[in-house]
Every structure is written in C-alpha cells, then in structure tokens.
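As a plain string of letters, each chain reads:
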Amino acid sequence: MYHAIRPALFRLAPEASHTLAMGLLDTLHCLGVAKKLAGARVDDPVELMGLRFPNRVGLAAGLDKNADHLDALGGLGFGFIEVGTVTPKAQPGNPKPRLFRLADHDAIINRFGFNNKGVTHLVEQVRKSRFDGIIGINIGKNLSTAVEDALADYLLCLDAVHEVADYIAVNISSPNTPGLRTLQFGEQLDALLGPIRARTTELDDIRQQPVPLLVKIAPDMSEDEIALVAQSIQRNQLDGVIATNTTIERQAVEDDPQSDEAGGLSGKPVFDASNRVISQLRDHLPAIPIIGVGGIDSGEAARQKLEAGADLVQLYSGLIYQGPGLINDCAAALSGTSGSKKPAA
C-alpha cells in the first residue's frame, strides 16, 4: 500500500509531505486500520537497562518531535519510540526549506534546528498516550541558549520528562544547532554528563523509579575521539549510547544536486559510518547497551547493525523510503537474536 501512495507523497515538498503523512496516519489510527499498513507487532521481547522492549526495533528521534503521533506510530509495530528532540522552550527552528530528499541515494538532508513545541507540550502528549511499548525522550538545548550555558537547558528538560520517560537520551550530536557538537569531547562532555547523571540519580531516588540515561553521538568521529567518548560514558556511568546521529560528510552523495545543502545527512549513505562507530564503541564498552541507527533499509541491514555490536536498532530515513512494512521486516529479521554480536576486543 505504501509504495502505491509514495509517488504522490514525493511530489510534495518534503516537509509538507511529512505533515500530510502524519495526519493521514493519525486518521487511519483513529479508524482502527493503521495496523494493516505494517501488520501485527512482532513479539520478540528483550530486557535491557532494566526495561522490557517488546521487540528490538524502534523509531529514532526527530520524526515525532512533539509526541503528537505516539499512538498512531506505535500501532505500526515498533517496540520502542523515541520522541524529541525537545527543548525547554518552544522554538520554530531554522527557516524553510530545511528538508531535502536525495532520492537516488535513499537519503535525506535536514537542518530543522530542533523545531518543537517545548517540553511542557511533549510531556502532556506522553501522559495521554496509550502506546504500550518503551518511550524514550530525547532532550536538547534551545538555540538562544549559549553553548557554555547548555547544561541548564538539559537539566530543565530532564526535570520535566523524568516522570514520564522510560529512558532519556541526551542529544549532543545534531549538526543543526551551532556549537552543539563541541559538547561531545573532553572536559566539556564530562562537565555536561556528570551533572546530568547526578540529577538523574537524584530523581530516580526521589521517585523510586530508575530511568536509564543515554547519550546520542555523531558518526563523524575518529577512532581516538570515539575512545574518549567511551571513557566519558563509563566515567559518568551512563546506561547506554545511541550511535549515530546524522553526518556532515557528503562524499557518498556528492553527485546529487542537493548535496551542498547545509544540514545533517541521513539514510543509506550513513550506514557504514554508523556501523564503524558502533563497532569501535563495542570494543570499548563491552557491557553497555548500544542502540544502532543510520541507514537501515532492510531486515538484513538491521542484522548487520547487531553484528557490528548494537543491541537495538532505530529507523527513520529508511521508513520514509520503504514504508511501514520495514518495521516488521526488521523485527522479524532480529527475532530470537541475542544482540551485541561483535565480540569484545
């Protein structure tokens, strides 16, 4: 069904197409027919970070920034959904156009800039949701907040979402908020993750409910940089890592007329870079859960993420090109697997 309507969706501007598709999905969900797009959810439970995931396939942050479509998306068969990135205050993001399809490469470039309705709205939407899978909430900083003051924004979001999140992901790797990626390295990373870890532990104790804390990193790192990030993850006792966000590299798509658009590149061209980061992280972090994301467009691609060292996977751009059937294709391909197949060094 999706491949029959995709040409019509692709004739629209990408952001208009996204809005239309989400509205259509909400309508189909209300009518009780959305599940027919993907079939019944694959039942392949796995326990990680103290959480029970119905299956290993999740939705990456960015598609449902405000948790406005949680139930409709949940009906497509995801084991978990990550909403956000959310910031303390609502913000419009970057000027349009800011989303570009590179269809010959099954890729997307975006420079949204954390457009969202603010953390209060997102929390209200999560509270209303009936999705019975795992809900992750991805947090970031407002554009108007200086990088050196970013910690305050992350703590504001953390305080707001802790009670409704199954896990929390700290986004320090979007290329679309100036200076954000500098927080991934050295003393700046420890200065951010240390207080966030301490505050999360404090909230866990107050509410008697541990909420796993993860960090989302970029694919554009050297082996030495990955090692330093891994050390900080261990030092600050994070519960997991999401690898990876979009890339600023363009070599794989340099023949596309839109390749020079600013923003983060996602989709098939990021697959190998993401797997490289996952593999090197697994060498350094043999016991810490890794969520693998980047370029998954088939069940086989999902299996390769686990072979690189991931425990769970997330979809985004592949869903745009392949449709909802990809969710159960990946979940079925991973059914019964043990995860983290790459042997530790």
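Now for a description of the structure that goes with this document.

1. Remarks on unusual backbone geometry
Part 1 of the argument: With an omega of 0°, the peptide bond between Lys96 and Pro97 qualifies as cis.
Part 2 of the argument: With respect to the helices and strands, Pro97 occurs in the loop between β4 (80-86) and β5 (99-102).
Part 3 of the argument: For the bond from Ala243 to Thr244, the omega torsion is 15°, close enough to zero to count as cis.
Part 4 of the argument: The residue Thr244 is located in the loop between β10 (240-243) and β11 (264-267) in this model.
Part 5 of the argument: In this structure, Met49 is a non-glycine residue whose phi angle is positive, near 55°.
Part 6 of the argument: One can find Met49 in the loop between β1 (46-48) and β2 (51-53).
Part 7 of the argument: With a phi close to 55°, Gln237 is a non-glycine residue in the positive phi region.

2. Some details on the nonpolar core
Part 1 of the argument: Counting residues in hydrophobic clusters, the biggest one holds 74 residues, and the most contacted among them are Val57, Ile137, Ile139, Ile217 and Leu281.
Part 2 of the argument: In contact with Leu281, other than residues within four places in its own chain, are Ile217, Ile226, Ala230, Val241, Ala243 and Ile290.
Part 3 of the argument: Listed in part, the 15 residues of the second largest apolar core include Ala60, Phe80, Ala169 and Val293.

3. Some details on empty space enclosed by the protein
Part 1 of the argument: Under the counting rule described, the total for this entry stands at one cavity of 30 Å³ or more.
Part 2 of the argument: Its boundaries defined by the atoms lining it, the largest cavity holds a volume of some 40 Å³.
Part 3 of the argument: Contributing to the lining of the largest cavity are Asp106, Gly267, Lys268, Gly295, Ile296, Asp297, Ser317, Gly318, Tyr321 and Gln322.
Part 4 of the argument: Counting residues per element, the lining of the largest cavity draws most heavily on helix α10 (residues 317-322), which supplies four residues.

Quick notes on the rules
- Residues numbered from 1 in each chain as written.
- Predicted model: local features only at pLDDT ≥ 70, side-chain atom pairs only at ≥ 80, totals over all residues.
- Heavy atoms only, no water.
- Helix = DSSP H or I, 4+ residues; strand = E, 2+ residues; numbered from the N terminus.
- Core = buried A, V, L, I, M, F, W, Y, C linked by side-chain atoms within 4.5 Å.
- Buried < 20%, exposed > 50% of the residue type's maximum accessible area, 1.4 Å probe, protein only.
- Contact = heavy atoms within 4.5 Å.
- 1 Å grid on protein atoms, 1.4 Å probe; cavity = no way out; pocket = protein on both sides within 12 Å on 5 of 7 lines; lining within 4 Å.
- Points joined across faces, edges and corners; volume = space filled by probe spheres on them.

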